[in-house]
Amino acid sequence: MAARRRGRRSARGRVRSSGPVTVELVGMDELRQKLQELGPNVKLACFRALKDSAAAVVDHTKTAVRKDTGNLQESVKARFRNNELRAEIGWWDQDDGYAVFHELGTRRFSAKPALGPALEAERNKIGERIAAEIRRELS
């Protein structure tokens, strides 16, 4: 699995985005297919691990995001899709559209990414979380 930021590159090579900050995890479709073959109890264990990882990303993002008004700190959330092992983490309100400028920077102020580093910090832990939950479910 690899994480990629979506957006367009500017002349300086920086990633520019016109919408909310999103991250795409590559390889999740294959993982979902393999997990569907294992049964509902294992899927439930994986969902618990996913919720724990998403909560860790949200918490890490809250501590790292700029806190001028506290809005971005309070409004970062994880959302889950029914019956899918998928979490989306970010800012979903229209009032939070400026989060992309804090994450990627502008000409006027430098980037202070919070979501990207939080995802990177959790990327190496999610496998351990899944393994622990599956062991717990199967024992």
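Owing to the predicted nature of the structure, the values given are computational and were not obtained by experimental measurement. (Residues numbered from 1 in each chain as written. Predicted model: local features only at pLDDT ≥ 70, side-chain atom pairs only at ≥ 80, totals over all residues. Heavy atoms only, no water.)

### Here we look at the overall build of the protein chain
And step 1. Counting secondary structure elements, the protein chain contains 6 helices and 6 strands.
And step 2. Ordering the α and β elements of the protein chain from the N terminus gives β-β-β-β-α-α-α-β-β-α-α-α.
And step 3. Looking at the protein chain residue by residue over its 139 residues, the buried ones come to 30%.
And step 4. The long-range fraction of contacts in the protein chain, counting pairs at least 24 apart against all pairs at least 6 apart in sequence, stands at 60%.
And step 5. Accessible surface, the protein chain as shown: approximately 9200 Å² in total, 49% of it carbon and sulfur. (Helix = DSSP H or I, 4+ residues; strand = E, 2+ residues; numbered from the N terminus. Buried < 20%, exposed > 50% of the residue type's maximum accessible area, 1.4 Å probe, protein only. Contact = heavy atoms within 4.5 Å. Areas by Shrake-Rupley, 256 points an atom, 1.4 Å probe, with all protein chains shown as cover.)

### A word on the nonpolar core
And step 1. Core analysis: the largest hydrophobic core is formed by 16 residues, its most contacted members being Val57, Val65, Leu72, Val76, Ile89, Trp91 and Leu115.
And step 2. Taken together, the elements giving at least two residues each to this core come down to helix H2 (40–64), helix H4 (99–104) and helix H5 (115–123).
And step 3. Non-local contacts of Val57, meaning those with residues more than four positions away in its chain, are made with Ile89, Leu115, Ala118, Leu119 and Glu122.
And step 4. Of all hydrophobic cores here, the second largest spans 5 residues; its members include Val42, Cys46, Leu85 and Ile134. (Core = buried A, V, L, I, M, F, W, Y, C linked by side-chain atoms within 4.5 Å.)

### A few points about H5
And step 1. All of the buried residues along H5 are Leu115, Gly116, Ala118, Leu119 and Glu122. Looking straight down H5, one finds that the buried residues subtend no more than 165° of arc, so they occupy a single side. (Arc of directions from axis to C-beta.)

### Topic: the pairing of strand S6 (residues 87–90)
And step 1. Pairing of strand S5 (residues 77–80) with S6 involves 4 bridges; the strand directions are antiparallel. The partner of Ala78 across the bridge, within S6, is Ile89.
And step 2. The turn joining S5 and S6, which pair antiparallel and follow one another in sequence, is formed by 6 residues; a positive phi near 60° is taken by Asn83. (Pairing = 2+ DSSP bridges.)

### Points about helix H6 (residues 126–138)
And step 1. The end-to-end C-alpha distance of H6 is 18 Å, a good match for the 18 Å that 13 residues give at a rise of 1.5 Å each.
And step 2. Considered for burial, the residues of H6 that qualify are Ile126, Glu133 and Ile134. Taken end-on, H6 shows its buried residues confined to a sector of 100°, consistent with a single buried face. Away from its buried face by more than 90 degrees, H6 exposes Glu128, Arg135 and Arg136.
And step 3. Structurally, H6 contributes buried residues whose contacts are with H2 and H5. (Expected span 1.5 Å × (residues − 1).)

### Points about the side chain of Glu133
And step 1. Examined against the element boundaries, Glu133 turns out to sit in helix H6.
And step 2. In contact with Glu133, not counting residues within four places along its chain, are Ala45, Arg48, Ala49 and Asp52.

### Regarding the packing of aromatic side chains
And step 1. Taken as a whole and assessed by the stated rule, the structure comprises 1 aromatic pair.
And step 2. Ring centres 5.6 Å apart and planes at 70° place the aromatic pair Phe47 and Phe80 in the edge-to-face group. Pair noted here: Phe47 is in helix H2 and Phe80 is in strand S5, with a separation of 33 residues, a long-range link.
And step 3. Residue class for Phe47 comes out partly exposed when judged on its relative accessible area of 25%.
And step 4. A residue is classified by how much of its surface remains accessible, and Phe80, at 31% relative accessible area, is partly exposed.
And step 5. Over the ring of Trp92 we find Arg79; its NZ or CZ atom is 3.5 Å from the centre of that ring. (Phe/Tyr/Trp six-rings, centres within 6.5 Å; stacked < 30°, edge-to-face > 60°. Lys NZ or Arg CZ within 6 Å of the ring centre and 35° of its normal.)

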